Amino acid sequence: MQIFFTALLVFVVAIFFCGTARAFLMSKKSVALIEKYQHDKKNPQLPQEIFDEITKDFFLRRILAKHNATVNDIAKLHDKLLIWGDFRKYNRYIPITSFFNTNALNYLLTHKDDDPKSLTEKMMNHFHF
């Protein structure tokens, strides 16, 4: 019985560290894009790079597939978020960071036809702006 609980504890700790490593990796990718496009926010290459990065992640790729999202969807959502959320708080920038979080990405793709202000407000609340 003690071996079972020890194995269970090791398994839970491994899942925790894998999740933490994934979160740091997504944050690192997001911050890299924020830094790269800090002075060129309307660059047409940015949505493509966001799409390329989120298709590499297992969980985000599943959300894209669930909603049949394309680069055009990411570009439209980015433009909407840029209208009201064009400011940075530490390493968070709503028009980029929103795509690297599973809950935020799912919300954006579910409500992609909503108005820009409501989408931005929801993302600001999600990221505690």
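Scope of this entry: the structure provided in the associated data block.

Considerations on the overall build of the chain
Move 1: Of the regular secondary structure elements, the chain holds seven helices and two strands.
Move 2: Each principal axis of the C-alpha distribution contributes one length, and for the chain these read about 60 × 30 × 25 Å.
Move 3: Counting only residues that meet the buried cut, the chain has 34% of its 129 residues in that class.
Move 4: Expressed as a percentage of contacts within the chain between residues at least 6 apart in sequence, the contacts between residues at least 24 apart total 66%.

Comments concerning the environment of threonine 55
Move 1: With respect to the element layout, threonine 55 can be found in helix 2 (residues 45-55).
Move 2: Between the C-alpha atom of threonine 55 and that of alanine 65, which follows or precedes it by ten residues, the distance is 9.4 Å.
Move 3: Apart from the residues lying within four places of it in its own chain, the contact partners of threonine 55 are Arg61 and Leu64.

Things to note about a nonpolar patch on the surface
Move 1: A surface patch of nonpolar side chains, amounting to about 780 Å² of accessible area, comprises Met1, Phe4, Phe5, Leu8, Phe11, Val12 and Ile15.
Move 2: Considering the arrangement of structural elements, one finds phenylalanine 5 in helix 1 (residues 2-36).
Move 3: For phenylalanine 5, a relative accessible area of 47% gives the class partly exposed.

So, the environment of leucine 25
Move 1: Here leucine 25 lies in helix 1.
Move 2: Here the alpha-carbon distance between leucine 25 and phenylalanine 100, two residues 75 residues apart in the chain, equals 9.9 Å.

About the criteria used
- Residues numbered from 1 in each chain as written.
- Predicted model: local features only at pLDDT ≥ 70, side-chain atom pairs only at ≥ 80, totals over all residues.
- Heavy atoms only, no water.
- Helix = DSSP H or I, 4+ residues; strand = E, 2+ residues; numbered from the N terminus.
- Buried < 20%, exposed > 50% of the residue type's maximum accessible area, 1.4 Å probe, protein only.
- Contact = heavy atoms within 4.5 Å.
- Patch = residues over 30% accessible without salt bridge, like charges linked within 9 Å, V, L, I, M, F, W, Y side chains within 5 Å.
- Areas by Shrake-Rupley, 256 points an atom, 1.4 Å probe, with all protein chains shown as cover.
- Salt bridge = Lys/Arg side-chain N within 4 Å of Asp/Glu carboxyl O.

This is a description of form; function is not addressed.
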